[in-house]
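For reference, the chains in residue letters:
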Amino acid sequence: MDILRRAGISVKKEAPVNFLTDPSEGRSTLRPADVLVFGWEGGKHACVDLTGVSPLARFRENGFVAGKAVLKAESKKVEKHAKACEDNQHAFVPLAFDTFGSLAPEAVRFLSRVQRVVHSNFSTPQGRDFVFSRLAFSIQKGMAAQFVARLPAILM
């Protein structure tokens, strides 16, 4: 979120949109967009759905293939929400990543565009890699917090 704001992009976290539903519920459920980016694509707002997955989930069943989990997560999100967004004049961006730091193709496209905005707005040397290094740090920080939360009390 702060990456987008620092780039000068107008966003709202957990923005209420009344067209995102959970198909398993079988009814309309008001679900917020994780991040709503205003005027992102051709004047349309974009609903960004953040999804983190472990590449080791179901590792024993299917074998390990680098990037497979993140691609599957992206495709599930597109299947679940893209049409509803399109029908309501919004773009849909599944920002899927795995805990090893892999990004799904749509996430790379989105973040590359954000990176270009940062670079055009701020001509500092750190601006070239700001978005991707900031995201990598956020993923690492989140993973560290999860590991610490699971440590036995005796070790803390």
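As the structure is a computational prediction, the values presented were derived from the model and not from experiment.

Conventions adopted
Sequence order sets the numbering: in each chain, residues are counted from 1 along the sequence as written. Since the coordinates come from a predicted model, pLDDT governs what is reported: local features require at least 70, and pairs of side-chain atoms require 80 or more to be given and counted, while whole-chain, interface and lining totals use all residues. No hydrogens and no water enter the side-chain calculation; it runs on all heavy atoms of the structure. By the criteria applied, helices consist of DSSP H or I runs no shorter than four residues and strands consist of E runs no shorter than two, each listed in order from the N terminus. For each residue, the accessible area found with a 1.4 Å probe, counting protein chains only, is set against the maximum for its type, and the residue is called buried under 20%, exposed over 50%, and partly exposed in between. Whether two residues are in contact is decided by their heavy atoms, any of which lying within 4.5 Å being enough. Areas reported here follow the Shrake-Rupley algorithm with a probe of radius 1.4 Å; residue values treat only the protein chains shown as occluding. We define a nonpolar core as any set of buried Ala, Val, Leu, Ile, Met, Phe, Trp, Tyr and Cys residues linked to one another through side-chain atoms lying within 4.5 Å.

Engineer: How do you make sense of the overall build of the protein chain when you look at a structure like this?
Structural biologist: When its secondary structure is counted, the protein chain shows five helices and four strands. Listing each helix as α and each strand as β along the protein chain from the N terminus yields α-β-β-β-α-α-β-α-α. Buried residues in the protein chain amount to 33% of all 156 residues. Taking all contacts inside the protein chain whose residues are at least 6 apart in sequence as the whole, residues at least 24 apart take part in 52%. Carbon and sulfur atoms make up 54% of the accessible area of the protein chain, which totals about 10,000 Å².

Engineer: I tried to follow the nonpolar core on my own but got confused; where do I start?
Structural biologist: For soluble globular proteins, nonpolar side chains are generally found buried alongside one another. With 24 residues, the main nonpolar core has L4, I9, V37, F110 and V114 as its most contacted residues. Of all the secondary-structure elements, those providing two or more residues to this core are α1 (2-6), β2 (31-41), β3 (44-53), β4 (90-98), α4 (105-121) and α5 (130-149). Here L4 is in contact with I9, V11, V35, V37, F110 and V114, once residues within four sequence places are set aside.

Engineer: Please explain the environment of P16 as it appears in this structure.
Structural biologist: Locating P16 in the fold gives a position in strand β1 (residues 11-17). By relative accessible area, which is 58% here, P16 ends up exposed. A sequence separation of 16 residues divides P16 from P32, and the C-alpha atoms of the two residues are 4.2 Å apart.

Engineer: When you look at unusual backbone geometry in this model, what are you seeing that I'm missing?
Structural biologist: A negative phi angle characterises most non-glycine residues, just as the trans form characterises most peptide bonds. Phi is positive for E14, close to 45 degrees, though the residue is something other than glycine. Under the relative-accessibility criterion, E14 is labelled exposed at 52%. A positive phi angle, close to 60 degrees, is found at Q89, a residue other than glycine. If you trace the backbone, Q89 turns up in the loop between α3 (68-87) and β4. Its relative accessible area of 51% is what places Q89 among the exposed residues.

Read these as geometric descriptors, not functional statements.
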